[in-house]
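Commentary on secondary and tertiary structure
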Amino acid sequence: MYIETVPNRGSPPAILLRESYRDGKSVRKRTLLNLTHWPAEHVEGLRGILKGGVVLPPGDEPFAIERSLPHGHVAAVLGVTRAVGLDTIIEPKRPKSAREPDRASHRLGDLVMAMIVSRIIAPASKLATAKALDPETAASSLGVELGLGDVREDELYAGLDWLLERQGAIETALAKRHLKGGTLVLYDVSSSYVEGRCCPLAKRGYSRDGKKGKLQIVYGLLCAADGCPVAIEVFEGNTADPATLADQVAKLKRRFAIDHVVLVGDRGMITQARIDEDLRPAGLDWITALRAPALQGLVGGGYLQMSLFDERDMAAVTSPDFPGERLIVCRNKDLARERARKREDLIAATERDLARIAASVARKRRPLRGAAEIGMAVGAVLDKHKMAKHFDLTISDDRFAFARKSGEIAQEAALDGLYAVRTSLPEETLADEAAVKAYKSLAMVERAFRCLKTVDLHVRPIHHWLGDRVRAHVFLCMLAYYVEWHMRARLAPMLYDDDDKAAAEALRESPVAKAQRSPAALAKSATGRTADGAPVHSFQTLLADLATLARNTVVTAGAPNRPFTILTRPTPIQQKAFDLLGFPISCTQ
């Protein structure tokens, strides 16, 4: 049976219910019912039934959403992870002849992928991550997309152990992709505090987190010249920065097998001892900076004339104390003014507090007495402002006096805004301006540490007790930053990040001057809108926006046992994000 609309001269078309039947060798049709006077909705309802539809009782819904899970941020992060090939680096594809695999290994690889994505979209403990991946308590579509099924916390720990065994191979693959012979390699060190007292790597040391009295670990991060992370290594918490350098030299030369490397590190990392004992014997070049005493030696020895900076901010000099090296001395006038202001403010604050102590010693009623008592009070002030080197102190049982060291203060002020980049590379290989830019590019490693520690990935607090688990946790966070680094590069037009670096560099008068932001970046910051009028996001707010794109499991009244999956329609912002990422929005069925 079927419904047919038949033209009718001078009247509205007739709507007829008909059926076809065979009469011998002919196919004929006959009218069963005239539906012309039926309401249109009734006609359409009957048409749907004839096509296999189902009539619902009054009050029943034609379909129901069984479950809705946040999906857009999962699709974005997981898609970039696969687009940059990190999944195949973590678990290389086997040839067809060797594919009977090890299902346990394949599951561990999926769990590692899940932990990397989770670290970006919702960093949490392994217990909380396991709950977020489990189907019953899922916080997103990640577990479903990877087909993980039930997830236990001990499986995630097994995944960490599995990942640590592959760290060397993964880092070598990343180095092969991002580091070439003669390339610059950025290296810096940071630390993070550890909860508990059981981890053998946790020691007391200089805390960059400001957590005095806390045990900590130290880790060193190797990045390519563009700031892309390549390798990370964890050390005991009391390891000095220079002591981490020998392992990185061995890693670059032996494991990565790079012919020629230029290592860029700060002045506290690449010391003269490390150059003599590690870098020169290995045949590595370096770019670093002089420490303050060495800089004072240049001025005091007459190798550096301050008149050189009357009309410029950069000058190349040589010194017999640094044979075979170039010294590019820079003077930043804005930095000089800021340091002078800060020093004067701290000295003035110290004088005010010391004057109070002097008044308490000199007063007639209940004066402060005893050299030890006076010294403790003075020590607290000096420890607060860190200005002890600028004062002469006289302390006795009944007397206290202080005075500025005017000569030393003037000597330090002469070096305000002054720093010297040192490199073993000849000028024909790397010009002075390029050497200064290379040293300043260490700021990209600092940016990586901010993302790892506070802004996005939250490597801390660290609750693991076993040393290898701590190493695996830190390495996992580095891989998550690797994915985030690529996402930020692609999504830069939608973020507050500067996506026109060429224009920004053109505004910069000199490598010594402060880095500038491009007009497009300044406009985004000022208006909160992109060039096409869309709202500007931070990385985290964009992920939160993408998370509102949901993965819905739907059942219909006619087929309640055959659920299907449908995504909510993306907003223009969500669609633009996926267009920039370079792949369509999708989900597993």
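Here's a quick rundown of the structure. (Residues numbered from 1 in each chain as written. Predicted model: local features only at pLDDT ≥ 70, side-chain atom pairs only at ≥ 80, totals over all residues. Heavy atoms only, no water.)

1. Comments concerning the packing of helix 12 (residues 333-362) against helix 13 (residues 371-385)
For the pair helix 12 and helix 13, interaxial distance at closest approach is 10 Å and the crossing angle is 165°. On the basis of their axis angle, the class for helix 12 and helix 13 is roughly antiparallel. In this structure, helix 12 crosses over helix 13, and the sense of that crossing is right-handed. Residue-level contacts link Leu346, Ala349, Thr350, Asp353, Leu354, Ile357 and Val361 of helix 12 to Ile374, Ala377, Val378, Val381, Leu382, Lys384 and His385 of helix 13. Class assignment for the residues of the contact of helix 12 with helix 13 results in ten nonpolar, two polar and two charged. (Axes fitted to C-alpha atoms, helices over the stretch in contact; angles between N-to-C directions. Helix = DSSP H or I, 4+ residues; strand = E, 2+ residues; numbered from the N terminus. Parallel < 35°, antiparallel > 145°, perpendicular 65-115°, else oblique. Left-handed = near helix turned anticlockwise from the far one by under 90°. Contact = heavy atoms within 4.5 Å. Nonpolar A, V, L, I, M, F, W, Y, C, P; charged D, E, K, R; others polar.)

2. Some details on the environment of leucine 252
Structurally, leucine 252 can be placed in helix 9 (residues 245-255). Along the backbone, leucine 252 and arginine 9 are 243 residues apart, and their C-alpha atoms lie at a distance of 89 Å. The contacts of leucine 252, once residues within four sequence positions are left out, are Leu179, Val185, Leu222, Ala257, Ile258, Val261, Leu263 and Leu284.

3. Things to note about the sheet that holds strand 15 (residues 550-556)
Taken in spatial order, the three strands of this open sheet run 4-15-16, and their pairing is antiparallel. A single partner strand is all that each edge strand has here, and the edge strands are strand 4 (63-70) and strand 16 (559-567). Sheet twist, expressed as the mean angle between neighbouring strand axes with direction ignored, is 20°. Note that strand 15 and strand 16 share five bridges and pair antiparallel. Within the sheet, the bridge partner assigned to threonine 553 lies in strand 16 and is threonine 565. (Pairing = 2+ DSSP bridges.)

4. Comments concerning the pattern of salt bridges
All told, the structure shown has 38 salt bridges when counted by the stated rule. With its nearest N and O atoms 2.5 Å apart, the salt bridge here joins glutamate 338 to arginine 341. Taken together, the positions of glutamate 338 and arginine 341, both in helix 12 and three residues apart, correspond to about one turn of that helix. Its relative accessible area of 41% is what places arginine 341 among the partly exposed residues. (Salt bridge = Lys/Arg side-chain N within 4 Å of Asp/Glu carboxyl O. Buried < 20%, exposed > 50% of the residue type's maximum accessible area, 1.4 Å probe, protein only.)

5. What about the packing of aromatic side chains?
Summed over all chains, the structure comprises four aromatic pairs. Aromatic side chains phenylalanine 391 and phenylalanine 402 sit 6.3 Å apart centroid to centroid with 65° between the ring planes, which places their arrangement in the edge-to-face category. Pair noted here: phenylalanine 391 is in strand 12 (residues 391-395) and phenylalanine 402 is in strand 13 (residues 400-404), with a separation of eleven residues, a long-range link. Taking the relative accessible area as the measure of exposure, phenylalanine 402 reaches 26% and is therefore partly exposed. Counting every residue linked through ring pairs, the aromatic cluster contains Phe391, Phe400 and Phe402. Positioned over the ring face of tyrosine 21 is arginine 30, at 4.3 Å from the centre of the ring. Seen from the ring of tyrosine 193, lysine 211 lies directly overhead, with NZ or CZ sitting 5.1 Å from the centre. (Phe/Tyr/Trp six-rings, centres within 6.5 Å; stacked < 30°, edge-to-face > 60°. Lys NZ or Arg CZ within 6 Å of the ring centre and 35° of its normal.)

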